[in-house]
Amino acid sequence: LEQPLRDIIVRIEAAVVSTPSFDPSHSQRKIDMIVSDYTLLTLIPIFMRLVSAEAPGLQFDFKPQQNFPHLLLERGEADLLIAPSVFCSTNHPSDVLFTDEICCVVDEASRYAGRKRLSKSEFQSAGHVVMQPPNGGITFADRVCRDVGLTIRVEVSTFAFSSLPMLVRGSDRIALVQRSLARQIAKGSNLVLIEPPVPLPPLEQSIQWHSYRSRDPALTWVRSKLSMAAAELQAMCG
């Protein structure tokens, strides 16, 4: 009975929390969002600036990514999920927010720093710094490399995307990083961005919510602000 009961509880919570109207200027509602540290550093600061101007009382609780993050939506433990489209559930609605390229980051003193693009042999023989999800699974970068036939020789693993660029410093190691994050961290950090051996499919980042919450006016408003923030981020990244 666990799943049917949980479904009923989520329905009730959706009905109780949702209001017929939503006034952002006076609302003090708390929104729970599942995001990666990559999203937290690139998209969310823009989003918070936009929200704060119109909804100063709105509260947010950002929760860390995990395997099968849509389960938190289904259990009613989160209102919104921001994740790569390939990791979103097909059982709930979602919208694409933006796309981001995957690039290689190396130290400016690395043997690869003068390249515009790494060769396949260089990429596969070099040591890599990778993000390993704390509870298992694979990242988008790991997945697309596997799909295009590139192998990664892991020398260092970490739990946060934001630490990847800094962990190649002082070495010949390579890190695959989302370009918007890499550009932000590389500024003034003696790091260089290089193209991978073959073009990798871009990361498509989506926002997802429970199907029972599609008519929640507060979440609809928040999603519109996330779309605006995503458009601004995309323009900044050129």
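Residues numbered from 1 in each chain as written. Predicted model: local features only at pLDDT ≥ 70, side-chain atom pairs only at ≥ 80, totals over all residues. Heavy atoms only, no water.

**Points about the sheet that holds strand 2 (residues 59-64)**
Consideration 1: The strand order across the open sheet formed by five strands is 2-1-3-10-4, and the pairing between neighbours is mixed. Looking at the sheet topology across the chains shown, the edges are occupied by strand 2 and strand 4 (94-100). Mean inter-strand twist for the sheet, computed between neighbouring axes without regard to direction, equals 20°.
Consideration 2: For strand 1 (residues 30-35) and strand 2, the ladder comprises six bridges, and the chain directions are parallel. Of the residues in strand 2, the one forming a bridge with Val 35 is Pro 64.
Consideration 3: Helix 3 (residues 44-54) contacts strand 1, strand 2 and strand 3 (80-84) of the sheet and is inclined by roughly 165° relative to strand 2. (Pairing = 2+ DSSP bridges. Helix = DSSP H or I, 4+ residues; strand = E, 2+ residues; numbered from the N terminus. Axes fitted to C-alpha atoms, helices over the stretch in contact; angles between N-to-C directions. Contact = heavy atoms within 4.5 Å.)

**With respect to the sheet that holds strand 7 (residues 153-158)**
Consideration 1: A sheet is described by the order of its strands in space; here five strands give the open sequence 7-6-8-5-9, paired in mixed fashion. Two strands close off the open sheet at either side, each with one partner strand: strand 7 and strand 9 (191-194). Going from strand to strand, the sheet's axes swing by 35° on average, the running direction of each strand aside.
Consideration 2: Note: strand 6 (residues 127-131) against strand 8 (residues 174-178), two bridges, orientation parallel. Residue pairing for strand 8: Val 129 is matched across the bridge by Ala 175.

**Regarding the packing of aromatic side chains**
Consideration 1: Across all of its chains, the model carries four aromatic pairs by this definition.
Consideration 2: Each ring, one from Tyr 38 and one from Phe 161, has its centre 6.4 Å from the other, and the planes form 70°; the classification is edge-to-face. Of this pair, Tyr 38 sits in helix 2 (residues 37-42) while Phe 161 sits in the loop between strand 7 and strand 8, placing them 123 residues apart in sequence.
Consideration 3: According to the relative accessible area criterion, Tyr 38 is buried, its value standing at 1%.
Consideration 4: Ring centres of Phe 47 and Phe 60 lie 5.3 Å apart, and the angle between their planes is 80°; this geometry places the pair in the edge-to-face category. Residue Phe 47 is located in helix 3, and its partner Phe 60 is located in strand 2; the two are separated by 13 residues in the primary sequence.
Consideration 5: An aromatic cluster is built from Phe 47, Phe 60 and Phe 62, whose rings are joined through pairwise contacts. (Phe/Tyr/Trp six-rings, centres within 6.5 Å; stacked < 30°, edge-to-face > 60°. Buried < 20%, exposed > 50% of the residue type's maximum accessible area, 1.4 Å probe, protein only.)

**Digging into the pattern of salt bridges**
Consideration 1: If you walk through the whole model with that rule in mind, you get 15 salt bridges.
Consideration 2: For Lys 30, the salt bridge is made with Asp 32, and the minimal N-O distance between the two is 2.8 Å.
Consideration 3: When salt bridges that share partners are traced, they join Arg 29, Asp 79, Arg 213 and Asp 216 into one network. (Salt bridge = Lys/Arg side-chain N within 4 Å of Asp/Glu carboxyl O.)

**Remarks on the pairing of strand 3**
Consideration 1: Burial analysis of strand 3 places five of its five residues in the buried class, the great majority of the element.
Consideration 2: Two strands pair when backbone bridges link them, and strand 1 and strand 3 are joined in this way by two bridges, in the parallel orientation. Each bridged residue has a counterpart across the sheet, and for Ile 34 the counterpart in strand 3 is Leu 81.

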